[in-house]
Amino acid sequence: MANNSLKGRSLTSLDDLSVSEIFQIFKLVPKMRKLVANRKFAKTLEGQIIALLFFEPSSRTFSSFATALKRLGAQTIEYQSLLTTSSAVKGETFSDTIRTFATYANGLIIRFNEAGGPKKASEITKIPVISAGDGAGEHPTQALLDFYTIWEKFGKLDGLTGLIAGDLLYGRTVHSLLRGFSKFKNNTMYLLSPKSLRLNTKDLKGLKERGLNLVEIFSEKDIPKNCHFWYWTRVQKERFSNLSEYKKVKTKFILDKKLADMYASRNTIFMHPLPRVGEISEDLDSDPRAYYLHKQMPNGLYVRMSLLSLIFG
Ligand code: NCD
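Anyway, here's the lowdown on the structure attached to this text. Computed from a predicted structure; not experimentally measured.

### Structural notes on the site of the ligand
With respect to spatial proximity, the complete set of residues near the ligand consists of Thr-61, Arg-111, His-139, Gln-142, Arg-172, Thr-173, Arg-234, Gln-236, Pro-273, Leu-274 and Pro-275. In this structure, a nitrogen atom belonging to the ligand sits 3.1 Å away from a side-chain N or O atom of Gln-142. A distance of 2.9 Å separates a nitrogen atom of the ligand from a polar atom in the backbone of Leu-274. Looking at the shell around the ligand residue by residue, the classes come out as three nonpolar, five polar and three charged.

Following this line, the structure appears as structure tokens:
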């Protein structure tokens, strides 16, 4: 593969990628989709063992990474609930746990419960580390699949108007998504959240300085009618120390047919990284604009396959 600048690299923030690298990943997606449709296994990653180290619960990210690696011919070491099933239980440090898996594997895919975990791992070992989400930090591969989904629909990643709703304070998928959008031009994002879950001031300021237009709104009636996409998110219960605070805000904004009929356009697509826990009503699932189940989920597999083949291929 000529000009593959991703080979051997780690990915712990969306900021690790340039615009041309994002498109380099997208370019391989049709090939990966075809491989999956034909139930084929590639040999791209043959001979490699990749460890999936998940310190926090996961369904889609874990299984799509595991599937992607197997489809590409790699073997895997798979840890879910690592905090209760590895030597971490005995009090082993994070650094020693990482050194251990790096001794056996050719790459690490890490979901950690605090921001910065995968980045720290990438500084401990020379093998590539890919973040599968770090606390309330980032979730770069989710953003890649989100961007692919938007790009596939609209053919561009600039000049877009989006609505991002829910938990903007703790939602790591949003943090990567916004970083990504700031790399492209003329994008305006409306941020709808409860006041207590606003995007933190540092990110708000930093992203605006990079040229991203951000408009905070606190009521559904301020949603503009011309959005290309709505990106809904779950209020991140696990980040709250006070559960009664969580209960106050958990379903403040619900995306249902009524809201869609009032404020979305015929072309607005509805996105969500999932899992949803009440903030998107199932009455919307059969709407052709609902992209969370039928587009984002499968794209997650293809995009991760593309990324993995560039990093490890
Ligand atoms: C998200 C996550 O883990 O950050 N899920 C995912 O990976 N698709 C979103 C969430 O948990 O709310």
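### Brief notes about the pairing of strand 4 (residues 129-134)
Among the six residues in strand 4, six count as buried, and that is most of the element. Bridge analysis of strand 3 (residues 107-112) against strand 4 gives four bridges, and the strand direction is parallel. The residue of strand 4 that forms the bridge with Ile-109 is Ile-130. The β-α-β motif built from strand 3, the intervening helix 6 (residues 117-124) and the parallel element strand 4 has right-handed crossover chirality.

### Some thoughts on the pairing of strand 8 (residues 229-232)
Burial along strand 8 is two-sided: Phe-229 and Tyr-231 facing one way and Trp-230 and Trp-232 facing the other are all buried. Pairing between strand 5 (residues 161-165) and strand 8: four bridges, direction parallel. Looking at the pairing, Ala-165 lines up with Trp-232 of strand 8. The pairing of strand 8 with strand 9 (residues 269-271) spans three bridges and is classified as parallel. In the strand pairing of strand 9, Tyr-231 is matched with Met-271.

Thresholds applied
Residues numbered from 1 in each chain as written. Predicted model: local features only at pLDDT ≥ 70, side-chain atom pairs only at ≥ 80, totals over all residues. Heavy atoms only, no water. Near = heavy atom within 4 Å. Polar contact = N/O pair within 3.5 Å; in protein donor to acceptor, adjacent residues only side chain to side chain. Nonpolar A, V, L, I, M, F, W, Y, C, P; charged D, E, K, R; others polar. Buried < 20%, exposed > 50% of the residue type's maximum accessible area, 1.4 Å probe, protein only. Helix = DSSP H or I, 4+ residues; strand = E, 2+ residues; numbered from the N terminus. Pairing = 2+ DSSP bridges. Right-handed = clockwise from strand over helix to strand, strands pointing away.

Geometric values such as these leave the question of function open.
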